[in-house]
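A closer look at the structure
Below are the chains, spelled out letter by letter.
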Amino acid sequence: MGLFDKLKKKAPEPPPPPPKPADTSEDVSVYSHMRVEVTTKDGQMLFVAKLMYPQRTTAELHQYSEAEVSLLKDCSEAESIPVHIRGYHDHLRKAVYMEGFITPQPKHIWLVSHLYVARVGNDRAFFRLDTNLDASITKFSGRNAGEFPCKLLNISVGGARVSSEQQYWEGDKLLLTVKLLEDRDPSIMYCQVLRVIEKEDGPREYGCQFLEMNEADQDKITENIFAAQRKSRKGSQGL
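Residues numbered from 1 in each chain as written. Predicted model: local features only at pLDDT ≥ 70, side-chain atom pairs only at ≥ 80, totals over all residues. Heavy atoms only, no water.

**Considerations on the environment of Arg143**
With respect to the secondary-structure elements, Arg143 resides in the loop between β7 (129–139) and β8 (146–155). Sequence-wise, Arg143 and Tyr168 are 25 residues apart; in three dimensions their C-alpha atoms are separated by 8.0 Å. (Helix = DSSP H or I, 4+ residues; strand = E, 2+ residues; numbered from the N terminus.)

Structure representation (structure tokens):
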């Protein structure tokens, strides 16, 4: 039985939109082009998308990939379901939590109605993927130039934290290469060391900021992060 079969049996007609709290009159248009994860009210992952054309209480969700389309194929254009929409706004540096109802449109586009901002906060943990993956760092010139192995400890759209036996210094520019998922191509990021963390019981750790990252690169990293998180959640649930 498909996901939407279950949803339809539980709620064949969408319930009325919840009343908005007094402080959610925020202009949603500032969140245009934000990368988001869309889940059902009970936490089931649906897809990753870009929030487009938000205005007042409506928007469009442009789905990144077809990976999850099979879960949604039973949903007709006459149906809508309540969802949580959460993303991270790069410029505002804020985590944004929205709610609304989605209905499918052609070409993997979803119309959002009754959209409102439920909460805005500083919590970036969900949009950072904690890992312990083998990776490599390449430094093209200066001290300790060359390619050396490292460990990727976490990654977000804006940067990463790595550990390495090699010594680097604040301001060093590096090329970080890592495979976030076995079935995907490696991600290659140009970055700069912002801070050096000395460890008594292990190799140094380095906080790095990504440089020269265009929107397509950011989208790819975001999709890989959400895909890895989704895989981790399914594994922990025994799915």
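**Here we look at the sheet that holds strand β2 (residues 45–55)**
Read once around its circumference, the closed barrel built from six strands follows the order β1-β2-β3-β6-β5-β4, with strand pairing classed as antiparallel. Between one strand axis and the next, the sheet turns through 45 degrees on average, direction left out of account. (Pairing = 2+ DSSP bridges. Axes fitted to C-alpha atoms, helices over the stretch in contact; angles between N-to-C directions.)

**Describing the pairing of strand β12 (residues 204–210)**
Counting buried positions along β12 gives five out of seven residues, so the element sits mostly inside the fold. In this sheet, β12 lies alongside strand β11 (residues 187–197) in antiparallel orientation, the contact comprising six bridges. Looking across to β12, one finds that Ile197 is bridged to Glu205. Between β11 and β12, which pair antiparallel in sequence order, lie six residues. (Buried < 20%, exposed > 50% of the residue type's maximum accessible area, 1.4 Å probe, protein only.)

**Details of the nonpolar core**
One finds Leu152, Ile155, Leu176, Met189 and Phe210 to be the most contacted residues of the largest nonpolar core, which totals 25 residues. Top contributing element to this core by residue count: helix α3 (residues 215–236), with four residues. With residues near it in sequence (within four places) discarded, Ile155 still touches Phe127, Arg128, Leu129, Ala160, Leu180, Met189, Phe210, Ile221 and Ile225. Formed by 21 residues, the second largest nonpolar core is a distinct cluster that contains Leu51, Leu61, Val83 and Val112. (Core = buried A, V, L, I, M, F, W, Y, C linked by side-chain atoms within 4.5 Å. Contact = heavy atoms within 4.5 Å.)

**A few points about the packing of aromatic side chains**
As enumerated under the stated definition, the model contains two aromatic pairs in all. Consider the rings of Phe47 and Trp110, whose centres lie 5.3 Å apart with planes at 20 degrees: the pair is stacked. In this pair, Phe47 sits in strand β2 while Trp110 sits in strand β6 (residues 109–121), placing the two residues 63 residues apart along the sequence. Neither Phe47 nor Trp110 differs from the other in exposure class; each is buried. Pairing Tyr168 with Tyr206 gives two aromatic rings, centres 5.5 Å apart and planes at 75 degrees, and the pair type is edge-to-face. Of the two residues, Tyr168 is situated in the loop between β9 (159–164) and β10 (173–178) and Tyr206 in strand β12; the sequence distance between them amounts to 38 residues. (Phe/Tyr/Trp six-rings, centres within 6.5 Å; stacked < 30°, edge-to-face > 60°.)

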